[in-house]
Amino acid sequence: MSNTSTPSNPMWGGRFESASDKMMEAINASIGFDKKMYAQDIRASIVHAAMLAQQGIISQEDRAAITKGLLQIQGEIESGQFTFQTALEDIHMNVESRLAELIGPAAGRLHTARSRNDQVATDFRLWVRDMVDAIAQQIEAVQQAFVLRAQEHAATLMPGFTHLQTAQPVTLGHHFMAYVEMLGRDHSRFVDARNRMNECPLGSAALAGTSFPIDRHFVAKELGFARPTANSLDSVSDRDFALEAMAAASITAMHLSRFAEEIVVWCSAPFHFISLSDKYSTGSSIMPQKRNPDAAELVRAKIGRIAGHFQGLLMVMKGLPLAYSKDMQEDKEATFDALETLSLCLAVMEGMVADIQVNAPALKAAASGGYSTATELADWLVQALGIPFRQAHHITGRAVKLAEDAKKPLHKLTLAQLQSIEPTITNDVFKVLTAEAAIKRRISFGGTAPKNVRAQAARWRKTLG
């Protein structure tokens, strides 16, 4: 007498005779999050069916029915009419089950020469690749926002800091261009990651390939991949593409966090270098005078979330033997959230950079304070008088002490006062002791001179298109 009990999932029911425990169903199901990959899943299935028909593995009639059914399912999902079932575990089985309802037995032929292992690896790569493309465009948009502000403020004085102490005068445009360079490296990391992930796992099946005469190169080309993956074991085991994308995301988020921190500091009353409009600020429930740069604070915080997801997946993968293990189901929520969070941060940062209102007088006053032109004095002693730099450094230190005691900036010291420290100093020294003069002298490649900033901004505008 045959056992007529019904397994929880008819897609893999031949081996199982009883239903899964509810807790097993809860921990095993991924449809709650992997339904995000519905478009990639359907796209890959349409191409897979086309390849099967081309190779004579299924009929053209079945291919046509499968394609029509899959497109209908995509329409149902996008219109909100599709019912996702937890009992069917994931996006693959939910789609295949609905396809069977729509077209009957022909739906069962779609899974020929593939496994959920290579199917999910393909869907996930496609989703990550799509996000990487979108993020790369967003990074360029943020760069463009910085470049425009750099051109606007190529000669706007501000203090340059080391240890958050006033160091030397720079320009605000030069400061903005520093982030253009950082984001340029971030962009290149995503481009490099995309190149490495651009191989198609579909056709690797569960782990060993398939005996069917499939054409993996056709599938790879149709899905926009450069080539098929070369090893079936690696194909279903690999999550490097997700890890690398999240590593790039973590570094990008760190760069955004650094500028967000500067926005927070610069907006504070003691600095008052900049302000943000109401679009990127919030108020206080008790202190009516407050204007809080909450958008910047939240961007600053997101690095923890993004980097945490990267570390989490790294720990999931570190001890897994080849090939697929269910542990790898933990890859998607982390990757989805990390990349979508970065995308949001980039959008917010683009808006904030454009929104910044600059308090140029406050920046100029700060740039001129803190004896920021001391290095100019030391350099002038070397260049004009031929004094060795270490000696010039010592002379300058004495001049700064003299100015501190007199409660004057360096450029307000008299020639007699300076000559009391170094008799050979001439009146020409005063040509270099203002912040305006200092920035114009920083003409070395990569320096803060306004003409350098304008040249670099023009170069980047041409690069970004």
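Structure first, text after, so check above.
These numbers were taken from a predicted model, which means no experiment stands behind them. (Residues numbered from 1 in each chain as written. Predicted model: local features only at pLDDT ≥ 70, side-chain atom pairs only at ≥ 80, totals over all residues. Heavy atoms only, no water.)

Student: So what exactly am I meant to see when it comes to the overall build of the protein chain here?
Tutor: A count of helices and strands for the protein chain gives 18 helices and six strands. In terms of overall dimensions, the protein chain is more spread out than a globule: its C-alpha atoms have a radius of gyration of 31 Å, far above the 23 Å expected for 465 residues. Expressed along its principal axes, the backbone C-alpha trace of the protein chain runs to roughly 115 × 55 × 40 Å. The proportion of buried residues among the 465 residues of the protein chain is 48%. (Helix = DSSP H or I, 4+ residues; strand = E, 2+ residues; numbered from the N terminus. Rg over C-alpha atoms; globule rule 2.2 N^0.38 Å. Buried < 20%, exposed > 50% of the residue type's maximum accessible area, 1.4 Å probe, protein only.)

Student: When you look at the packing of helix α6 (residues 116–152) against helix α10 (residues 240–267) in this model, what are you seeing that I'm missing?
Tutor: Packing of α6 against α10 brings their axes to within 11 Å, and their N-to-C directions diverge by 25 degrees. Judged by the inter-axis angle, α6 sits roughly parallel to α10. The way α6 lies across α10 gives a crossing that is left-handed. Contact residues: Ala121, Phe124, Arg125, Val128, Val132, Ile139 and Phe146 in α6; Phe241, Ala242, Ala245, Thr252 and Phe259 in α10. The residue inventory of the contact of α6 with α10, partitioned by class, reads ten nonpolar, one polar and one charged. (Axes fitted to C-alpha atoms, helices over the stretch in contact; angles between N-to-C directions. Parallel < 35°, antiparallel > 145°, perpendicular 65-115°, else oblique. Left-handed = near helix turned anticlockwise from the far one by under 90°. Contact = heavy atoms within 4.5 Å. Nonpolar A, V, L, I, M, F, W, Y, C, P; charged D, E, K, R; others polar.)

Student: Would you mind showing me how to read the nonpolar core here?
Tutor: Core analysis: the largest hydrophobic core is formed by 98 residues, its most contacted members being Val128, Phe146, Phe259, Ile263, Leu342, Met349 and Met352. Residue contacts for Met349: discarding those within four places in its chain leaves Val142, Leu256, Phe259, Ala260, Ile263 and Val299. Counting 19 residues, the second-largest nonpolar core is a separate cluster that includes Ala378, Leu381, Ile387 and Ile421. (Core = buried A, V, L, I, M, F, W, Y, C linked by side-chain atoms within 4.5 Å.)

Student: Any chance you could explain a nonpolar patch on the surface here in plain terms?
Tutor: There is a patch of nonpolar side chains on the surface, built from Leu207, Leu233 and Leu322 and spanning about 270 Å² of accessible area. Mapped onto the fold, Leu233 is located in helix α9 (residues 232–237). (Patch = residues over 30% accessible without salt bridge, like charges linked within 9 Å, V, L, I, M, F, W, Y side chains within 5 Å. Areas by Shrake-Rupley, 256 points an atom, 1.4 Å probe, with all protein chains shown as cover. Salt bridge = Lys/Arg side-chain N within 4 Å of Asp/Glu carboxyl O.)

Student: Just to check I follow, could you spell out the pairing of strand β1 (residues 157–162) for this structure?
Tutor: Residues in a regular strand project their side chains so that they alternate between the two faces of the sheet. The pairing of β1 with strand β2 (residues 165–171) spans six bridges and is antiparallel. Paired with Met158 across the two strands is Val170, which belongs to β2. Taken together, β1 and the strand that follows it, β2, pair antiparallel across an intervening segment of two residues, in which His163 is found at a positive phi of about 60 degrees. (Pairing = 2+ DSSP bridges.)

Student: Please explain the side chain of Ser45 as it appears in this structure.
Tutor: For Ser45, the location among the structural elements is in helix α3 (residues 38–54). Looking at Ser45, the relative accessible area reads 1%, which means it is buried. Aside from chain neighbours lying at most four places away, what touches Ser45 is Leu70, Leu110, Arg114 and Gln119.

Student: Mind showing me how you'd approach the environment of Ala100 here?
Tutor: For Ala100, the location among the structural elements is in helix α5 (residues 91–103). For the pair Ala100 and Ile66, spaced 34 residues apart in the sequence, the C-alpha separation amounts to 9.2 Å.

Student: Teacher, can you tell me more about unusual backbone geometry here?
Tutor: Note on backbone geometry: most residues besides glycine have negative phi, and most peptide bonds are trans. Residue Ala323 follows Leu322 across a cis peptide bond; omega there is 10 degrees. Its place among the elements puts Ala323 in the loop between α11 (294–317) and α12 (331–355). Residues other than glycine seldom take positive phi values, yet His163 does so here, at roughly 60 degrees. You can see His163 is positioned in the loop between β1 and β2. Since its relative accessible area comes to 76%, His163 is described here as exposed.

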